[in-house]
Amino acid sequence: MFVSRLRHVMFSVFFVFFMALLVVQCGMAAEQRSDVLIAGHRDLVPGENDPYYTSTLLHVWEPLVTRDEEGWPAPALATSWETSEDGRVWTFHLRQGVLFHDLTPFDAQAVVANFERYQKISPANSPFYPFRIHETYPGLKEVVAVDEYTVRLVFEEPVAALPFLMVNFGSAMFSPSNFRDDGFFNGFPLGTGPYRLVEHRKDQYCRLEPFEQYWGEKAVSPVVVRVIPQAETRFAALKTEEIFGVIDIGSLTPNLAMELLKDERFVVEVAPSTIAHYLFINGTRFPFNDVRLRKAISLIIDRNFIVNELYYGYGEVLGSILSSASPFHVPLPAEYNPEEAKRLAREVLGDRRVSARFIFPSWSLQRYPYKEQTEYIQSVLKEIGIDANIQILEGGAFNEAMKAGEYEIAMRNQGLPSAEPNTIFTWYVLSNGAGNVEYHLNFQNAEADELILAARREMDMEKRFDMYRRVQELARDGYHWIPLFNNVDILPYHRRLKGFHAMGKRYDVTLWRAYLE
Amino acid sequence: MRRNFISRRVVQAGVVVLGVTLVAFGLQEVMPGDPVELLLQKEGLFHPTPEEIAVFRAQLGFDQPLPVRYVRWMQQVFRGDFGRSYVSRRPVIMEIRERLPATLLLSMVTLLFSLLVGLFGGVILAVYAGGVLDHLGRIFSFLLRSLPTFFLGTMLMVLFAERWRIFPTSGMGSWRHLVLPALVGGSGFSVVVMRLLRAHLLQALGSDYVLAARSRGLALVWVTLKRACANSFVTVLSLLGLYLGGIFGGAPIVETIFAWPGVGRLLITSISDRDFPVIQAFVLILGLAYVGFQALIDWFYFFLDPRVDSDGE
């Protein structure tokens, strides 16, 4: 009786499982293979409710203004631009003969429609760059189609650095037929790029096909970009030739890149990154409110050791608070002087030792050897009388600790929100800047404040460059935000993958030239 | 008696589900970090203005008092609507539905693998208790149980994918993609089943009814399979209930290592992004699944052994 009931139950359970298995398996399409298979750690296609739908790396859409390999604004869908003397009116001349993926023409009306969309969706969140119209186009009054291929932007106040703000994500263009009433997308993105998005499985892969009517250099091969979150798995997939290249930030950790180079089938290219690593010092309480101690912290750290030993040379020592990928970066020296550091620390602390809560966010561990990095810094800080207590905090907790000022030293990376550095100076250097106040950095410098505000209106590029140079010097001398080193983007790929190269400071690859030999 | 048993279980389940909804909703109050700011900051890349924060807060409904938000959320949930993801802005149910088939497929294969290895191994270890096989099995299961999933997954990937090229490293497509994730995901559960079954079988094999069967000349294997195993399956069944309850949560680590597009990965990213509608839906669905499967298992007990009385004993 009992056995027969049990048999009945077990049979039912297994039958249900097998049937469900069958149903689930039938519902899944097999991943299609393509000529070029590459991968990234995240889905580069966030989808229809993202302001851009895809990352710029996929070359599905194009902006009005892009950046050249040195980081300066360069023509894309706008071939040239000029401004009025007061910097309030900007005129953009558009590229002719360009078609969107739905074969409608790209013209001034399309640009106006895109700006109307910007107004609707802003502020819009994105895993790449949140779209905020008041920061990209501060005080925008109107957008006028002057003729079929000329657009005029009128502002309430002078916007001296507009092309810098518009670079890439700041001026993405899509077919006006691509928008829902709320401004987001009604289907796959219809850009003007060399690739069309033809298939997307969330968190699995996307498939790109060359757009035959592309106005410029046409894409060579279809591409499949897979999502492989774990760096070790991407490494294994490269070795097994399941993929032939890796893109996006954090493509491969430095140690894995070194390991990959032992295999002669692979090449690793590097490009300057907009991401740099910093120490943030809570300057609101003794003894860290003393600039001499903050300077001592900076001087005791051997940045070359970090770059060469922990990042295997995949990095660039940084002395300025502005990333070396910025065209306004000034290469200030990153001084390493332990004796001077000890002297300065003694001046502040005497024979005392102080404790410091040294925090960093856990998400950084997925991309960088932050544990080893903090342990190295902890060890050298001992030499100047600081006993750092390292704490790895989950992202939200890290943010909360910084805002509450419940830390002495914090380590974090920082990217550039645009090619125009005024934004980042405004946050961290301006006396009442959001980051400066929120994170309790307590940097106060009247000269820096004046320069940052004046640079916003300065139309002369050379003068603006000089202003930013001085701001970088002043900020460096405050040691409230200590630069450590600049990241480099690592681009590993198989030698069979031809035409696949890094593009300098553009955070981009020549995907459209890529093909498998 | 049966009606008492069932009605008590229903009331208990209701209380548990209510508790789960409170926990699911309360998470956003106790987890550190403001979701609005985290969303707008993008790992410190931006510093939103107070106006932007206020707009987003209102858009996401955070400007309302907690009880009001809870009641609204419950009303939505009763309509089968878990709200929209803060990150993707898509309905949460769609986000989960897209990934659930992958998770269910992997969970079912993992379960089958675990049960096959666990049941077969448990019987073998019990039959050969004290022998070389038993000792080897103990060492093997000890190792398997103590190895972290991440380490085991990476090791298997290095050996079976990178070195021997037998299985793919990652992704989803053919049956071959399932093997390594199922092996890694099922290793822990199979060991538990194996050890539990062995212990129960040894107890059963020493009992009077088995001795009586053996004294009538029945073979040990037959007695083990026919009599002792049948009685031990009830224990395995209760383990099964716990396992089934958890499958809707996916296996975040396994899914991440093997780039398996399941709900586990979604849960991990949702937690770091403070995407509360997704987290709340997960907690609630998981809670309901546990309660549902536990009720089902209880019913199986009742069905298998009607001596289970109204106290559930």
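Residues numbered from 1 in each chain as written. Chains lettered and ligands numbered in written order. Predicted model: local features only at pLDDT ≥ 70, side-chain atom pairs only at ≥ 80, totals over all residues. Heavy atoms only, no water.

A. Structural view of the overall build of chain A. Helix and strand counts for chain A come out as 15 helices and 21 strands. For a compact globule of 517 residues, the expected C-alpha radius of gyration is about 24 Å, and chain A comes in at 26 Å, within 12% of that figure. Taken along the three principal axes of its C-alpha coordinates, chain A extends 80 × 75 × 50 Å. Looking at the 517 residues of chain A, the share that counts as buried comes to 63%. By sequence separation, contacts in chain A at least 24 residues apart represent 70% of the contacts at least 6 residues apart. Here chain A displays about 19,300 Å² of accessible surface, and carbon together with sulfur accounts for 50% of that area. (Helix = DSSP H or I, 4+ residues; strand = E, 2+ residues; numbered from the N terminus. Rg over C-alpha atoms; globule rule 2.2 N^0.38 Å. Buried < 20%, exposed > 50% of the residue type's maximum accessible area, 1.4 Å probe, protein only. Contact = heavy atoms within 4.5 Å. Areas by Shrake-Rupley, 256 points an atom, 1.4 Å probe, with all protein chains shown as cover.)

B. Highlighting a nonpolar patch on the surface. Residues and elements named next belong to chain A. On the surface, a cluster of nonpolar side chains totalling about 260 Å² of accessible area is made up of Met-258, Leu-261 and Tyr-312. Among the secondary structure elements, Tyr-312 is positioned in the loop between helix H8 (303-310) and strand S15 (316-317). For Tyr-312, a relative accessible area of 40% corresponds to the partly exposed category. (Patch = residues over 30% accessible without salt bridge, like charges linked within 9 Å, V, L, I, M, F, W, Y side chains within 5 Å. Salt bridge = Lys/Arg side-chain N within 4 Å of Asp/Glu carboxyl O.)

C. Representation of unusual backbone geometry within the structure. Residue and element names in this part refer to chain A. The amide bond that connects Ser-122 to the next residue, Pro-123, takes the cis arrangement and shows omega of -5°. Here the residue pair Phe-286 and Pro-287 is connected by a cis peptide bond, since its omega of 0° sits within 30 degrees of zero. Within the element layout of this structure, Pro-287 appears in the loop between strand S14 (266-281) and helix H7 (291-300). Phi at Tyr-53 is positive, roughly 65°, even though this residue is not glycine. Of note, Tyr-53 is situated in the loop between strand S1 (36-40) and strand S2 (62-63).

D. Seen up close, helix H2 (residues 108-121) of chain A. Residue and element names in this part refer to chain A. Over its 14 residues, H2 extends 20 Å from the first C-alpha to the last, a length consistent with the 20 Å expected when each residue adds 1.5 Å. Judged by how many residues are buried, H2 sits mostly within the fold: 10 of 14 residues are covered. On the buried face of H2, the contacting elements are strand S6 (89-94), helix H3 (133-136), strand S7 (140-147), strand S8 (150-155) and strand S9 (172-173). The distance from a side-chain oxygen at the start of H2 to the backbone nitrogen of Gln-109 is 3.2 Å, and the residue carrying that oxygen is Asp-107. (Expected span 1.5 Å × (residues − 1). Polar contact = N/O pair within 3.5 Å; in protein donor to acceptor, adjacent residues only side chain to side chain.)

E. Spatial organisation of the pattern of salt bridges. The final tally for this structure, using the stated rule, is 34 salt bridges over all chains. Note that A:Glu48 is salt-bridged to B:Arg90, the shortest N-O span being 3.5 Å. Note that A:Glu48 is positioned in the loop between S1 and S2 and B:Arg90 in the loop between helix H4 (66-78) and helix H5 (92-127), a pairing that runs across two chains. The class of B:Arg90 is buried, set by a relative accessible area of 8%. Close ionic contact of A:Glu447 with A:Arg470 constitutes a salt bridge, the shortest N to O distance being 2.9 Å. Residue A:Glu447 is found in helix H14 (residues 446-455), and its partner A:Arg470 is found in helix H15 (residues 461-478); the two are separated by 23 residues along the sequence.

F. Examining the sheet that holds strand S5 (residues 78-83) of chain A more closely. Residue and element names in this part refer to chain A. Taking strand neighbours across the sheet as the criterion, the four strands line up as S5-S6-S8-S7 in an open arrangement whose pairing is antiparallel. Looking at which strands have only one partner, the edges of the open sheet turn out to be S5 and S7. Within the sheet, the average angular offset between the axes of one strand and its neighbour, ignoring direction, is 20°. Pairing of S6 with S8 involves five bridges; the strand directions are antiparallel. Paired with Trp-90 across the two strands is Leu-153, which belongs to S8. (Pairing = 2+ DSSP bridges. Axes fitted to C-alpha atoms, helices over the stretch in contact; angles between N-to-C directions.)

G. Structural view of the side chain of A:Glu62. Residues and elements named next belong to chain A. Considering the arrangement of structural elements, one finds Glu-62 in strand S2. Of the side chains with opposite charge, Arg-95 lies nearest to the buried Glu-62, which makes no salt bridge, at 6.8 Å. Here the side chain of Glu-62 touches Tyr-214 through a polar contact of 2.5 Å, side chain to side chain. Leave out the neighbours within four places in its chain, and Glu-62 touches Leu-77, Ser-171, Ala-172, Met-173, Thr-192, Gly-193, Pro-194, Tyr-214 and Trp-215. (Lys, Arg positive; Asp, Glu negative; His and termini not counted.)

H. Representation of the pairing of strand S19 (residues 481-494) of chain A within the structure. Residue and element names in this part refer to chain A. Counting buried residues along S19, 14 of its 14 residues qualify, which places the element largely inside the surrounding structure. Where S14 and S19 come together, 12 bridges link them in antiparallel fashion. Paired with Pro-272 across the bridge in S19 is Val-488.

I. Structural view of the interface of chain B and chain A. Contacts between the two partners involve 60 residues from chain B and, on the opposite side, 69 residues from chain A. Carbon and sulfur atoms make up 62% of the area that chain B and chain A hide from each other, which totals about 5,900 Å². Run the count over chain B and chain A and you get three salt bridges. At the junction of chain B and chain A, the tally comes to nine residue pairs in polar contact (both at pLDDT 80 or more). Grouping the constituent residues of the side of chain B that touches chain A by class yields 33 nonpolar, 13 polar and 14 charged. (Buried area = accessible area lost by both parts, 1.4 Å probe. Nonpolar A, V, L, I, M, F, W, Y, C, P; charged D, E, K, R; others polar.)

J. Examining H15(A) more closely. Residues and elements named next belong to chain A. Over its 18 residues, H15 extends 26 Å from the first C-alpha to the last, a length consistent with the 26 Å expected when each residue adds 1.5 Å. Against helix H4 (162-166), H7, helix H12 (422-428) and H14 lie the buried residues of H15. Its side-chain oxygen 2.9 Å from the backbone nitrogen of Glu-462, Asp-460 forms the N-cap of H15. Immediately beyond the C-terminal end of H15, within one or two residues, lies Tyr-479, with a positive phi of roughly 50°.

K. Expanded view of the side chain of A:Asp302. All names here are of chain A. Structurally, Asp-302 can be placed in the loop between H7 and H8. The buried charged residue Asp-302 lacks any salt bridge, with Arg-303 as its nearest oppositely charged partner at 7.4 Å. Separated by 3.1 Å, the side chain of Asp-302 and the backbone nitrogen of Asn-304 make a polar contact. Each residue touching Asp-302, except ones within four places of it in the same chain, is listed here: Tyr-336 and Tyr-376.

L. Representation of the packing of aromatic side chains within the structure. Residues and elements named next belong to chain A. This model, assessed by the stated rule, comprises 40 aromatic pairs over all chains. Pairing Phe-280 with Tyr-439 gives two aromatic rings, centres 6.1 Å apart and planes at 85°, and the pair type is edge-to-face. Placement of Phe-280 in strand S14 and of Tyr-439 in the loop between helix H13 (434-438) and H14 is noted, with a sequence separation of 159 residues between them. Like Phe-280, the residue Tyr-439 is buried in the burial classification. (Phe/Tyr/Trp six-rings, centres within 6.5 Å; stacked < 30°, edge-to-face > 60°.)

M. A look at the pairing of strand S17 (residues 386-393) of chain A. Looking at chain direction, strand S16 (residues 354-361) of chain A and S17(A) are connected through eight bridges and run parallel. The residue of S17(A) that forms the bridge with A:Arg357 is A:Asn389.

N. Inspection of the nonpolar core at higher detail. If you look at the biggest cluster of nonpolar residues, it comprises 151 residues, and the most contacted ones within it are A:Leu64, A:Tyr137, A:Leu153, A:Leu279 and A:Ile297. Beyond its immediate stretch of four places on either side in the chain, A:Tyr137 contacts A:Phe115, A:Tyr118, A:Phe131, A:Leu153, A:Phe155, A:Leu162, A:Met166, A:Gly170 and A:Ser171. (Core = buried A, V, L, I, M, F, W, Y, C linked by side-chain atoms within 4.5 Å.)

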